[in-house]
2 protein chains.
Amino acid sequence: MLKTELAEVETRLLEVTSAVPPDIAGMLRGIIDSGGKRLRPALVLLSAHLCQAPLAQAIPIAAAIEMLHTATLVHDDLIDAATLRRGKPTLNAHLSATPTVLAGDLLFARAAVLATEGQNLQLVRRFSATLEIICSGELNQFFIGRGHLPTCDEYERRIFAKTASLFALAMETGPHLAGSPVQQIAELAHFGALLGSAFQITDDVLDFVSDEATLGKPVGGDLQQGLVTLPVLIYQEQHPEDTRLSVLLHAPAGAGQLREFVADLYTSGAIEAAMTIADRRVKEALTILEHFPATPYRRAIEEIATFAVQRPY
Amino acid sequence: MLKTELAEVETRLLEVTSAVPPDIAGMLRGIIDSGGKRLRPALVLLSAHLCQAPLAQAIPIAAAIEMLHTATLVHDDLIDAATLRRGKPTLNAHLSATPTVLAGDLLFARAAVLATEGQNLQLVRRFSATLEIICSGELNQFFIGRGHLPTCDEYERRIFAKTASLFALAMETGPHLAGSPVQQIAELAHFGALLGSAFQITDDVLDFVSDEATLGKPVGGDLQQGLVTLPVLIYQEQHPEDTRLSVLLHAPAGAGQLREFVADLYTSGAIEAAMTIADRRVKEALTILEHFPATPYRRAIEEIATFAVQRPY
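Residues numbered from 1 in each chain as written. Chains lettered and ligands numbered in written order. Predicted model: local features only at pLDDT ≥ 70, side-chain atom pairs only at ≥ 80, totals over all residues. Heavy atoms only, no water.

Visitor: Would you take a moment to explain the relation of the copies chain B and chain A for this structure?
Guide: Two copies of a chain can be linked by a rotation about an axis combined with a shift along that same axis. Mapping chain B onto chain A is achieved by rotating through 180° and translating by 0.0 Å along the same axis, at an RMSD of 0.0 Å. Such a combination of rotation and displacement between the chain copies is what one expects of a two-fold axis. Scanning chain B for the C-alpha nearest the rotation axis identifies Leu121(B), at a separation of 2.8 Å. Same-surface contact between copies: 100% of interface residues of chain B are shared with the interface of chain A. (Least-squares fit on C-alpha atoms with pLDDT ≥ 70 in both. Contact = heavy atoms within 4.5 Å.)

Visitor: Hey, could you run me through the pattern of salt bridges in this one?
Guide: Side-chain pairs of opposite charge can arise where the charged atoms are in close proximity. Using the criterion set out here, one finds 28 salt bridges over all chains in the structure. In this structure, Glu172(A) and Arg126(A) form a salt bridge, with 2.7 Å as the shortest nitrogen-oxygen distance. Residue Glu172(A) is found in helix α8 (residues 152-178), and its partner Arg126(A) is found in helix α7 (residues 121-144); the two are separated by 46 residues along the sequence. Residue classification places Glu172(A) among the buried residues on the basis of a relative accessible area of 3%. In this structure, a network of salt bridges that share partners links the residues Arg12(A), Glu15(A), Arg110(A), Glu117(A) and Glu132(B). (Salt bridge = Lys/Arg side-chain N within 4 Å of Asp/Glu carboxyl O. Helix = DSSP H or I, 4+ residues; strand = E, 2+ residues; numbered from the N terminus. Buried < 20%, exposed > 50% of the residue type's maximum accessible area, 1.4 Å probe, protein only.)

Visitor: Whenever I open this one, the packing of aromatic side chains confuses me. Can you help?
Guide: Residue and element names in this part refer to chain A. Inspection of the entire model under this criterion finds 6 aromatic pairs over all chains. On the numbers, 5.4 Å between centres and 85° between planes, the contact of Phe 142 with Phe 143 is edge-to-face. According to the relative accessible area criterion, Phe 142 is partly exposed, its value standing at 32%. Judged by relative accessible area, which is 25%, Phe 143 ranks as partly exposed. (Phe/Tyr/Trp six-rings, centres within 6.5 Å; stacked < 30°, edge-to-face > 60°.)

Visitor: When you look at the interface of chain B and chain A in this model, what are you seeing that I'm missing?
Guide: A common way to express how large an interface is: the accessible area buried when the components associate. Counting from both sides, the interface comprises 40 residues of chain B and, opposite them, 40 residues of chain A. Taken together, the connections running from chain B to chain A amount to 2 salt bridges. Arg110(A) is the salt-bridge partner of Glu132(B), the closest N and O atoms lying 2.5 Å from each other. One can count 6 residue pairs in polar contact (both at pLDDT 80 or more) joining chain B with chain A. (Polar contact = N/O pair within 3.5 Å; in protein donor to acceptor, adjacent residues only side chain to side chain.)

Visitor: Just to check I follow, could you spell out the nonpolar core for this structure?
Guide: Counting residues in each nonpolar core, the largest one holds 197 residues, and the members touching the most others are Leu28(A), Phe191(A), Leu223(A), Leu28(B), Phe191(B) and Leu223(B). For Leu28(A), the residues in contact, after removing those within four places along its chain, are Val16(A), Thr17(A), Val20(A), Ala103(A), Leu106(A) and Leu107(A). (Core = buried A, V, L, I, M, F, W, Y, C linked by side-chain atoms within 4.5 Å.)

Visitor: Looking at this model, I keep getting lost on the confidence of the model for chain A. Mind explaining?
Guide: Any residue range with low pLDDT should be treated as having predicted coordinates unsuitable for detailed reading. This prediction gives chain A a mean pLDDT of 91; 95% of its residues lie at or above 70. Two summary scores accompany this predicted model of the complex, namely pTM at 0.93 and ipTM at 0.92. (pLDDT = per-residue confidence, 0-100.)

Visitor: Explain the packing of helix α4 (residues 55-80) of chain B against helix α7 (residues 121-144) of chain B to me, please; I cannot follow it from the model alone.
Guide: The relative placement of two packed helices comes down to the angle between their axes together with the axis-to-axis distance. Residues and elements named next belong to chain B. Axis separation between α4 and α7 bottoms out at 12 Å; the angle between their running directions is 15°. By the angle between their axes, α4 is roughly parallel relative to α7. Relative to α7, α4 is oriented so that their crossing is right-handed. Contacts between α4 and α7 involve Ile 61, Ala 64, Ile 65, Leu 68, Thr 72 and Asp 76 from the first element and Leu 123, Phe 127, Leu 131, Ile 134 and Glu 138 from the second. A class-by-class count of the residues in the contact of α4 with α7 yields 8 nonpolar, 1 polar and 2 charged. (Axes fitted to C-alpha atoms, helices over the stretch in contact; angles between N-to-C directions. Parallel < 35°, antiparallel > 145°, perpendicular 65-115°, else oblique. Left-handed = near helix turned anticlockwise from the far one by under 90°. Nonpolar A, V, L, I, M, F, W, Y, C, P; charged D, E, K, R; others polar.)

This is the structure we're talking about:
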């Protein structure tokens, strides 16, 4: 449905490679082509269709949001010292820290340029504010460090900053560009935030239920890194007497200890409970869409939302 | 003259500290307070006065430009592994790479938010485009690496990206916000570019003529790092037979070798020749100001311009 428009987004994404020398261009092309599902640009375009906003303005915004996402991944991979992303080597796997920092910065800058090409100042403000939410979320996360069991509130704030905020921005692009009432902007932003948090919860669950080959890292890798996600929060609330978590949180556990804890997490029902929360958010999000005409575009958004919380096991 | 307005700029700069936990806030306050001369914000405010632009819009832009400058310094210091900046410890001197990368990113984001508060889409575009010029300049510089004798064109492009582009942006803020004719925007941007490049040439000269205590690094530190600046380019053009430079460029020289080369640079007149070029640019810049009414604001810009190329020896 969005084939031509998504192809234009790809073209806009690759423009960044024309402003730099060939070796940098090749490197940046690699990052951009390694792709991902282009979920965020698809949501931008669909929200534009939903509100009958001008597509010529939505396309650079779709590219801006994907570029911003890519820039954060480049710096994240550097920080996590990750060597694989989407099955391909990360930038920092074959470059030193310096060009990785600078390449991420350049992608942030390009994202900012693309954001202005939507020709809508209010949207550029929201774009910059979202970038700020993402960056301060990451800085917070770093300073909290390992060994901390977050409250549910803290977990919610973290996944909003990390994922849901950008989904919210993607979904509110349409009503902004269409000049829709404030109420509609707020509704679609709320839709995006619900969908984004459901998406992140599913991703967090995936870390426990997938296999090492798919993840490219050990099962329970988040926990191994000291990162507490929703299934663990639920388990710990059910089993306050289990002291293994605080041990796991303070230092990387042995593979055996980790496997044992993950096995108990499975049988406790905490994983299913986390997915039930994700499902509920998508259901709530879908009720928001009922205020919009039942077009094929609305149907496509509904499909993405349902797909986002498909049981990953 | 700009006391109240510059104080407001400081307030806007420090706002970033209120959105983050106390330990990060303290750290960011340290970076912002370590200050510098606030030359860029002063130019923004003066260009606004020069064109009778609304100051309420110029103040956030002044803060945005200084914040952008600060963000690039944070990442630069990390890259150069610098431990002192303006006589104070850099972020990376007491933090690891991760929070330094993230703090720089957060400052970029805040700069982008501030830029939108000027309420002028065209100016936000120019802001983002300038950020892109700065970042791609740095990435280029990194990939060129040491051991390369740049052409004059390459040197000009480098100092434009590094310094002059942001001075140009500062000076064109006034006419943008005042809705001045395109011609006037172009003229003041050109003024800023000339002033910025003169400023950078003077800074490059300073690296040879200052003393180690003032610089916080050895005299000739740029050359030691393999960075060729204008005095060296001029010397090499005068003395194509001197093969010491290519040796110096390929590997860090011993202190004795470096001192000897710098002494020859002195006596060759290359340093004075570089300053003559800087002077000429400021003179050319000042002729542009003649098209503007002779107000105290114009006089203040002229003073800054003259000050920028004061002999640092």
